[in-house]
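Architecture and fold: a report
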Amino acid sequence: MDHFLYRDGALFAEDVAISEIAAAVGTPFYVYSTATLLRHFRAFDEALEGMDHLVCYAMKANSNQAVLRTLAQAGAGMDVVSGGEYRRARAAGVPGDRIVFSGVGKTRDEIRLALEGGIRQFNVESEPEMAILDAVAQELRVVAPITVRVNPDVDAKTHAKIATGKSENKFGIPIARARDVYNMAADMPGLDVIGIDVHIGSQLTDLAPYEQAYQKVAELTEVLRADGHTITRLDLGGGLGIPYERSNVDPPLPSDYGALVKRTLGHLGCEIEIEPGRLIAGNAGLMVSEVIYVKSGEGRDFLILDGAMNDLIRPAMYEAHHDIIPVIEPAPGIEPQPIDIVGPVCESGDTFAKQRPMPPLAAGDLVAFRSAGAYGAVMSSEYNSRPLIPEVLVKDDQFAVIRPRPTFDEMINRDTIPAWL
């Protein structure tokens, strides 16, 4: 469920008309619903009720500080994968003891930043990283809390570019080597081994891969405890999918996921961390764009928008589907016709949909891309010298621009001309 609904034939974000935002900030733009963000966070939090747990929002999905602060004030922790994300989380008011640092390529500077600023734990992905973390912790005369990310070799049955739990993926340590790696960590004075981390991928629409992975984690927990390690925390990653296509069968609910966690891991007495991102932010956002032209081609027509692949890369990068709807609701009985929906960037890949059934639209009409709150603005660029588009947050009948569109001068003046030119 989201809070983007038609009222009297016009699309609203909570109690604000999308057309009102478009008139104020121009198109294209992103708009997020506070009510949807909070509803989805609470769905996860309530799903783990009865277990010691922390829901750490995976901020790579959407790292705008207003989004982070909204979730942090509701009790969320944060999962970060870079020093920049760590700084964003702290700037949004998130305390260090609610920040988990993941990622395969943490640098010395990033490790130092987190150790000095405060961190809940590092999810360690390799033996070389573990050695560097130990060295930096000893230099600072502190002890770094860690989990070790194990790769359970489980097929998440998702898009190849967002699968992370198979043996061929770059993430984690093979679960067969886990005992040796934990013994190595126990001998490092700068590290405090507190748990196990696992994450098998993103946009999962079936709970079976989770069950397979979590059963392996449960077995490993018992083995490591028998070896003398204190395992008190299990970081289970995120990845639960959202329904990008409204006609498809819906993915499992957070409540179903929570029941699975309790069934497979509840007997271990561990604190549970989960790191949802897409399911919290995805359906909480739209990208709104204006029709520039309707163009007739050879055997097909094209709806040319002012939004482009640099604004929303997912269709070009992942062949991803987004429902696209008119901001003014079509009159009853209007028959949709197939049309290619494209942007103005000079790439054939700048195509959002091919032969998508749409009601008749004309230049100046507005359309909204559903499920655009995750991996939208955070993956955008200024390709073709197109300024980054604004982000807007709605709460009830209020809205605020939470990232303004830069001017062309601001964008161009970031370049520096060398003296010899």
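**Some points on the overall build of the protein**
- What the protein contains, in helices and strands, is 12 helices and 21 strands.
- The C-alpha radius of gyration of the protein comes to 23 Å, within 12% of the 22 Å expected for a compact globule of 421 residues.
- On the principal axes, the C-alpha backbone points of the protein span a range of 70 × 60 × 40 Å.
- When the 421 residues of the protein are sorted by exposure, 55% land in the buried category.
- When the accessible surface of the protein is split by element, carbon and sulfur atoms take 50% of a total near 18,200 Å².

**Looking at the side chain of Glu-125**
- Here Glu-125 lies in the loop between β8 (121-124) and α6 (127-140).
- Side chain to side chain, Glu-125 and Arg-149 meet in a polar contact 3.0 Å long.

**Here's the deal with the packing of aromatic side chains**
- One pass over the structure, following the stated rule, counts seven aromatic pairs.
- Relative to Tyr-214, the ring of Tyr-210 lies with its centre 5.7 Å away and its plane at 40 degrees, an arrangement referred to as tilted. Taken as a pair, Tyr-210 and Tyr-214 lie in helix α8 (residues 208-226) at a separation of four residues, close to a single helical turn. For the residue pair Tyr-210 and Tyr-214, the accessibility class agrees, reading buried in each case.
- Following the ring pairs from residue to residue traces out a cluster consisting of Phe-44, Tyr-210, Tyr-214 and Tyr-257.
- Across the ring face of Phe-12, the terminal group of Arg-7 is positioned such that the distance to the ring centre comes to 4.9 Å.
- When the ring centre of Phe-302 is taken as reference, the NZ or CZ atom of Lys-295 above it lies at 5.9 Å.

**Considering empty space enclosed by the protein**
- Throughout the structure, instances matching the rule amount to one cavity of 30 Å³ or more.
- Looking at the largest cavity, its volume works out to about 40 Å³.
- Forming the walls of the largest cavity are Phe-44, Tyr-210, Gly-237, Gly-238, Gly-239, Leu-240, Tyr-257, Ile-274, Glu-275 and Pro-276.
- Classifying every residue of the lining of the largest cavity gives six nonpolar, three polar and one charged.

**Regarding the nonpolar core**
- Within the largest apolar cluster, 98 residues are counted, with the highest numbers of intra-cluster contacts made by Tyr-57, Met-78, Phe-122, Ile-146, Leu-234, Leu-236 and Tyr-257.
- With seven residues, α8 is the largest single contributor of residues to this core.
- The residues contacting Phe-122, other than those within four sequence positions of it, are Phe-101, Lys-106, Ile-111, Ala-114, Leu-115, Leu-133, Ala-144, Pro-145, Ile-146 and Thr-147.
- Of all hydrophobic cores here, the second largest spans 18 residues; its members include Ile-18, Phe-29, Leu-286 and Val-288.

**So, the environment of Val-100**
- Position of Val-100 relative to the elements: it lies in strand β7 (residues 99-101).
- The spacing of Val-100 and Gly-77 is 23 residues in sequence and 7.8 Å in space, taken between C-alpha atoms.
- Setting aside residues up to four positions removed in sequence, Val-100 forms contacts with Cys-56, Met-78, Asp-79, Val-80, Ile-119, Arg-120, Gln-121, Asn-123, Asp-235, Glu-273 and Glu-275.

**Digging into the pattern of salt bridges**
- One pass over the full model with this rule turns up 19 salt bridges.
- A salt bridge links Lys-106 to Glu-129; its shortest N-O distance comes to 2.7 Å. Within this pair, whereas Lys-106 is found in the loop between β7 and α5 (108-117), its partner Glu-129 is found in helix α6, the two being separated by 23 residues in sequence. Each member of the pair, Lys-106 as well as Glu-129, carries the same accessibility label: buried.
- A salt bridge links Glu-139 to Arg-108; its shortest N-O distance comes to 3.6 Å. Note that Glu-139 is positioned in helix α6 and Arg-108 in helix α5, a separation of 31 residues in sequence.
- For Arg-108, a relative accessible area of 41% gives the class partly exposed.

Calculation notes
- Residues numbered from 1 in each chain as written.
- Predicted model: local features only at pLDDT ≥ 70, side-chain atom pairs only at ≥ 80, totals over all residues.
- Heavy atoms only, no water.
- Helix = DSSP H or I, 4+ residues; strand = E, 2+ residues; numbered from the N terminus.
- Rg over C-alpha atoms; globule rule 2.2 N^0.38 Å.
- Buried < 20%, exposed > 50% of the residue type's maximum accessible area, 1.4 Å probe, protein only.
- Areas by Shrake-Rupley, 256 points an atom, 1.4 Å probe, with all protein chains shown as cover.
- Polar contact = N/O pair within 3.5 Å; in protein donor to acceptor, adjacent residues only side chain to side chain.
- Phe/Tyr/Trp six-rings, centres within 6.5 Å; stacked < 30°, edge-to-face > 60°.
- Lys NZ or Arg CZ within 6 Å of the ring centre and 35° of its normal.
- 1 Å grid on protein atoms, 1.4 Å probe; cavity = no way out; pocket = protein on both sides within 12 Å on 5 of 7 lines; lining within 4 Å.
- Points joined across faces, edges and corners; volume = space filled by probe spheres on them.
- Nonpolar A, V, L, I, M, F, W, Y, C, P; charged D, E, K, R; others polar.
- Core = buried A, V, L, I, M, F, W, Y, C linked by side-chain atoms within 4.5 Å.
- Contact = heavy atoms within 4.5 Å.
- Salt bridge = Lys/Arg side-chain N within 4 Å of Asp/Glu carboxyl O.

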